[in-house]
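Observations on the three-dimensional arrangement
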Amino acid sequence: MASTTKIMTAYLACAAGDLQRTVPITAAMLKDTEGSSLGLHVGDRITLYDLVVGMLLVSGNDAANAAAIFLSGSTKAFAARMNSAAKEMGMHHTHFVTPSGLDRGDHHSTAYDMALLTAHALQNKTFAKICAAPRAKVTINGKSQMVYNHNRLLTSLDGCVGVKTGYTMAAGRTLVSCAERNGMRLVCVTLSAPDDWNDHKYLLDKAFSDYRIASYSPDSFKVTLDVAS
């Protein structure tokens, strides 16, 4: 699932609370963080909140590792935390190894499991606010800079409210999106989909066309069926 992994990392960081805590960046946090980056260096100081921004908007592998080590002491310990949370959410076909989504060991998931995770994560107001932002400012060592969200659907899909892109050579293009129209919120997940932007637009447009919200009460719900003996 590549960097869509960061949905879990960011969610756990948001759920930890006190996001204004300052995180001193260490050498261990920047180890094995090739690929997309927030541009952190050893000795930098940044809030946990801005690390979440960095991992959700620009998919910073350094931001994900830094948050994981800050919260749990090591990426291995944080991965155990991720797997425990996944089990609680009913993600029965998922195993996390890295907080960033870089391919290591038996790191894997399914589209269904990633949809379950996203539904949980979006219930956290801070997570939902950050992943829906087309751009945001982060402050590193007291200096602010603007970062931009990699999720094109935020500006090209009606009602899009997030959530995360991903890519590695092993995983291919991965994408988790969410859109809300007329009070109905739907999550779409594709794994290894070369044309994922258009796939998500088609799938979500069709789903909003085909489905509607209906009220239901066990006391008043009745169905009549013709039965042939």
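Further up the page is the structure itself.
In short, a report on the structure. (Residues numbered from 1 in each chain as written. Predicted model: local features only at pLDDT ≥ 70, side-chain atom pairs only at ≥ 80, totals over all residues. Heavy atoms only, no water.)

Our focus in this paragraph is the overall build of the protein. Per the secondary structure count, the protein includes nine helices and seven strands. Here the C-alpha atoms of the protein give a radius of gyration of 19 Å, agreeing with the 17 Å that 2.2 N^0.38 yields for 229 residues. Within the protein, the proportion of its 229 residues that are buried is 50%. Pairs at least 24 residues apart make up 58% of the contacts formed inside the protein by residues separated by at least 6 positions. Within the structure as shown, the protein displays about 11,700 Å² of accessible surface, and the carbon and sulfur contribution to it stands at 51%. (Helix = DSSP H or I, 4+ residues; strand = E, 2+ residues; numbered from the N terminus. Rg over C-alpha atoms; globule rule 2.2 N^0.38 Å. Buried < 20%, exposed > 50% of the residue type's maximum accessible area, 1.4 Å probe, protein only. Contact = heavy atoms within 4.5 Å. Areas by Shrake-Rupley, 256 points an atom, 1.4 Å probe, with all protein chains shown as cover.)

Time to look at the sheet that holds strand E7 (residues 184–191). One open sheet accounts for three strands, arranged E5-E6-E7; its pairing is antiparallel. Sheet topology places strand E5 (160–168) and E7 at the edges, where each strand pairs with a single neighbour. Taken over all neighbouring pairs, the strand axes of this sheet differ in orientation by 5° on average, direction set aside. Where E5 meets strand E6 (residues 172–181), eight bridges bridge the pair, whose relative direction is antiparallel. Paired with Tyr 167 across the two strands is Arg 173, which belongs to E6. (Pairing = 2+ DSSP bridges. Axes fitted to C-alpha atoms, helices over the stretch in contact; angles between N-to-C directions.)

Attention now goes to the environment of Ser 156. Counting through the fold element by element, Ser 156 comes out in helix H8 (residues 153–156). The partly exposed category is assigned to Ser 156, whose relative accessible area is 37%. Separated by 68 residues in sequence, Ser 156 and Thr 224 place their C-alpha atoms 43 Å apart. For Ser 156, the side chain forms a polar contact with the main-chain oxygen of Arg 152, separated by 3.0 Å. (Polar contact = N/O pair within 3.5 Å; in protein donor to acceptor, adjacent residues only side chain to side chain.)

With that settled, the discussion passes to the packing of helix H3 (residues 48–57) against helix H4 (residues 61–72). Remark: H3 packs on H4, axes separated minimally by 8 Å, with the N-to-C direction vectors making an angle of 145°. Handedness of the H3/H4 crossing: left-handed. Every residue of H4 that contacts H3 at Leu 48, Leu 51, Gly 54 and Met 55 is listed here: Ala 63, Ala 64, Ala 66, Ala 67, Phe 70 and Leu 71. (Left-handed = near helix turned anticlockwise from the far one by under 90°.)

The subject of this paragraph is the pattern of salt bridges. Once their charged atoms are close, side chains differing in charge can pair, the charge on each being opposite to the other. In the structure shown here, the tally under the stated rule is seven salt bridges. Two residues, Arg 185 and Glu 180, come together in a salt bridge whose shortest N-O distance is 3.0 Å. For Arg 185, a relative accessible area of 40% translates into the label partly exposed. When its relative accessible area of 35% is taken as the criterion, Glu 180 is described as partly exposed. Arg 181 is paired through a salt bridge with Asp 205; the nearest N and O atoms lie 2.8 Å apart. One end of the pair, Arg 181, is in strand E6; the other, Asp 205, is in helix H9 (residues 196–210), and 24 residues separate them in sequence. Its relative accessible area of 38% is what places Asp 205 among the partly exposed residues. One salt-bridge network, held together by shared partners, links Asp 158, Arg 181 and Asp 205. (Salt bridge = Lys/Arg side-chain N within 4 Å of Asp/Glu carboxyl O.)

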